[in-house]
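# Descriptive structure summary
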Amino acid sequence: MALIRLGFGRQHLCLLKRRSFLMLKLTAVVFAALLFCEFFIYYLVIFRCDWPEVKTPADRSGQKTLKAMFLADTHLLGEVRGHWLDKLRREWQMERAFQTALRLLQPEVVFILGDIFDEGKWSSSQAWADDVERFQKIFRHPRHVQLKVVAGNHDIGFHYQMNAYKIKRFEKVFSPERLFSWKGINFVMVNSVALEGDGCHICSEAEAELIEISRKLNCSREGKLALPGDLLSPQQGRRSGPCPDPQLLPASAPVLLQHFPLYRRSDANCSGEDAAPLEERGIPFKERYDVLSQEASQQLLWWLRPRLILSGHTHSACEVLHGAGVPEISVPSFSWRNRNNPSFIMGSMTPTEYALAKCHLPYEDTVLATYCVAAGLLVVLILVHSELLPSPFLFGWNLLRKFKTM
C-alpha cells in the first residue's frame, strides 16, 4: 500500500509540475505579446525616423535649426460616441506613440492641427473638463517642449455651430495665440473655421487679427507697413507707409498652420501609402466644409505670403502647390481610429529654409496580427499539454529519424 501511495504521490506531483510549467509558458507568451505590442513596437518603429537635414546656403550656415513636430486629428472620444474600449485602445496608442516620439526624437515644439477632441462642438462643461484632463495626460510633455494647438471644427463646431463661448473655452486651455516666433521663424496659427467670409462677428474679428499679423510681417520683411485697405483684395496694388518698428518680428516668411486645407478640387492628384483611398480621391471637395473657400484661400496667401502651409482635417496625406509654388502639406490623422497607418511630420526649420520628413507609427493590423499569432501559440501549447497534439519538438525529431532511415 505504501508503494502504491508513493506512486500516486509522485504521479500527482509530476502532474502539478506539468501544469505549473504550462501556466509559466502561457504567462510568458501573454506577457511577451503585451510587452511587444503595447511598448516595444513603438520604439522599434519610431527609432527608424530621423530629423531631415536642412540644406543651408554657405552664407547662412550660422542659422539655428528648430525641430518641430506636426500632427493632426487626434479626435479624443467623448461621452456620447466614445465606447470605453475604443477610448482605451486608441488613446493608449496615441499616448505611447507621442511619449515615445518625445523620448527618441526630442522635438523643441509640437503643433497639433485641430480636431483634438471629437465632441468639443457639443460637449457639456463637465464632459469638456474630462476630455481636457485626458488630453493633458496623453500629450504630457517636458517644460522645455512647447505645445501649440489650432482649433478644428470638432473642437468648436463648424461655422453654424461655433460661438464665442466655445471659442473662449478652447482658448482658455490652449491659448488664443495666433503668431508664434522662435529661432527667427514665424508661425501663423489660423482659426480656419472662422474664415467663412459672411461678415459674422467672430469672422470679422478673425480677419482683423490676420490683417494685423500681415502688417507686422510685412513691416519686418520689407521695412514698410501695408495699409488696411491694401490687404483686402489681391487685385489691388500695395501702398506702403513708414514702418515704426521694423525689428518687431523676424524677417522671415511665415509657416501657415490651420485645420482646414486651402481650396483644392479634390485629392485626385494626391499619392502615397497614406493618401486617401483610390475610390475617394476623385470625390469633389465642398468649400467651407472639406476645404476653405477659394476666396478665403486667396486672401490667406495674399495677406501672409507663407513659404509653407500645413493643415489637417482630411485624415489623409497630400501635397499640393498654391499660387506661385507655395507648398501645402496635409498631415494624416495621428489616431488608429481614423486610419490604419497614422503618422506625423518632422520639420527641421531655419528662418530661410526647411526640410520635412514623415514618421510612420505602428500599423494597427500589424499589432492585431501579432496578437493573433500569440493566441494561436497559446492554443498549440494547451493542445500539446492535453496530448491532443504531438509536441512540435517530438514531431520534428520523429520526422528527422524517418528521413535518416530512408
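Anything mentioned here points back to the structure above.
Calculation rules
Residues numbered from 1 in each chain as written. Predicted model: local features only at pLDDT ≥ 70, side-chain atom pairs only at ≥ 80, totals over all residues. Heavy atoms only, no water. Helix = DSSP H or I, 4+ residues; strand = E, 2+ residues; numbered from the N terminus. Buried < 20%, exposed > 50% of the residue type's maximum accessible area, 1.4 Å probe, protein only. Contact = heavy atoms within 4.5 Å. Areas by Shrake-Rupley, 256 points an atom, 1.4 Å probe, with all protein chains shown as cover. Lys, Arg positive; Asp, Glu negative; His and termini not counted. Salt bridge = Lys/Arg side-chain N within 4 Å of Asp/Glu carboxyl O. Polar contact = N/O pair within 3.5 Å; in protein donor to acceptor, adjacent residues only side chain to side chain. Expected span 1.5 Å × (residues − 1). Pairing = 2+ DSSP bridges. Axes fitted to C-alpha atoms, helices over the stretch in contact; angles between N-to-C directions. Parallel < 35°, antiparallel > 145°, perpendicular 65-115°, else oblique. Nonpolar A, V, L, I, M, F, W, Y, C, P; charged D, E, K, R; others polar. Phe/Tyr/Trp six-rings, centres within 6.5 Å; stacked < 30°, edge-to-face > 60°. Lys NZ or Arg CZ within 6 Å of the ring centre and 35° of its normal.

### A word on the overall build of the protein
Counting its secondary structure elements, the protein contains ten helices and 13 strands. The buried share of the protein, taken over its 406 residues, is 47%. Of the contacts made within the protein by residues no fewer than 6 positions apart, 73% connect residues no fewer than 24 positions apart. If you sum the accessible surface of the protein, you get close to 21,200 Å²; carbon and sulfur atoms cover 60% of it.

### Description of the side chain of Arg339
Along the chain, Arg339 falls in the loop between strand S11 (326–330) and strand S12 (343–349). Here Arg339 occupies a buried position and makes no salt bridge, while the nearest side chain of opposite charge, Asp274, is found at 5.5 Å. A distance of 2.7 Å separates the side chain of Arg339 from the backbone oxygen of His315, its partner in a polar contact. Separated by 3.3 Å, the side chains of Arg339 and Ser316 make a polar contact.

### What to know about helix H2 (residues 84–105)
Taking 1.5 Å per residue as the helical rise, H2 with its 22 residues ought to reach 32 Å, and the 31 Å between its terminal C-alpha atoms agrees with that figure. Downstream of H2 by one or two residues, Gln106 has phi in the positive range, about 50°.

### Things to note about the sheet that holds strand S10 (residues 318–322)
Here six strands make up an open sheet; going across it, the order is S4-S5-S8-S9-S11-S10 and the pairing mixed. Where the open sheet ends on each side, the last strands, each with one partner, are strand S4 (179–182) and S10. Pairwise comparison of adjacent strand axes, ignoring direction, gives a mean angle of 20° for this sheet. Relative to strand S5 (residues 185–189), S4 runs antiparallel, the two sharing four bridges. Bridged to Ser181 within S5 is Asn186.

### As for the pairing of strand S13 (residues 354–360)
Regular strands place their side chains on alternate faces of the sheet. Relative to S13, S12 runs antiparallel, the two sharing seven bridges. Pairing of Ser343 across the sheet is with His360, part of S13. Following S12, the chain reverses through four residues before pairing antiparallel with S13.

### Quick word on the packing of helix H6 (residues 201–222) against helix H8 (residues 294–304)
Put simply, H6 and H8 touch, their axes get as near as 8 Å, and they point 30° apart. Of H8, the residues touching H6 (which contributes Glu207, Leu210, Ile211, Ile213, Ser214, Leu217, Asn218 and Arg221) are Leu300, Trp303 and Leu304.

### Comments concerning the packing of H2 against helix H3 (residues 125–138)
Between two packed helices, the angle of one axis relative to the other and the distance separating the axes together describe the packing. Taken N-terminus to C-terminus, the directions of H2 and H3 make an angle of 40°; their axes are 9 Å apart at the nearest point. It follows that H2 is oblique to H3 by the angle criterion. Side by side, H2 and H3 meet where Lys87, Glu91, Met94, Glu95, Phe98 and Gln99 of the first sit next to Arg134, Lys137 and Ile138 of the second. Of the residues belonging to the contact of H2 with H3, the class tally is three nonpolar, one polar and five charged.

### Structural notes on the pattern of salt bridges
Per the counting criterion, the structure on display carries 18 salt bridges. The salt bridge involving Arg264 is made with Asp267; its shortest N-O contact spans 2.9 Å. Classification of Arg264 by relative accessible area gives buried; the value is 6%. In this structure Asp267 comes out as buried when scored by relative accessible area, which is 4%. Three or more residues are tied together by salt bridges with common partners; here these are Arg81, Asp86, Arg90, Asp118, Arg337 and Glu364.

### Here's the deal with the packing of aromatic side chains
Taken as a whole and assessed by the stated rule, the structure comprises 18 aromatic pairs. Taking the centre distance of 6.1 Å and the plane angle of 25° together, the rings of Phe158 and Phe260 count as stacked. Of this pair, Phe158 sits in the loop between helix H4 (153–156) and helix H5 (164–174) while Phe260 sits in the loop between strand S8 (255–257) and helix H7 (278–281); the two residues are 102 residues apart in sequence, bridging distant segments of the chain. Summarising the burial analysis for this pair, Phe158 and Phe260 share the class buried. Seen from their ring centres, Phe180 and Trp182 are 6.2 Å apart, and the 65° between their planes marks the pair as edge-to-face. Assessed through its relative accessible area of 25%, Trp182 is described here as partly exposed. Cluster of aromatic residues (ring-pair linked, three or more members): Phe98, Phe117, Trp128, Phe135, Phe139, Phe170, Phe174, Phe334 and Phe344. Over the aromatic face of Trp92 sits the side chain of Arg96, whose NZ or CZ is 5.5 Å from the ring centroid. Taking the ring centre of Tyr289 as reference, the NZ or CZ of Lys286 above it sits at 5.4 Å.

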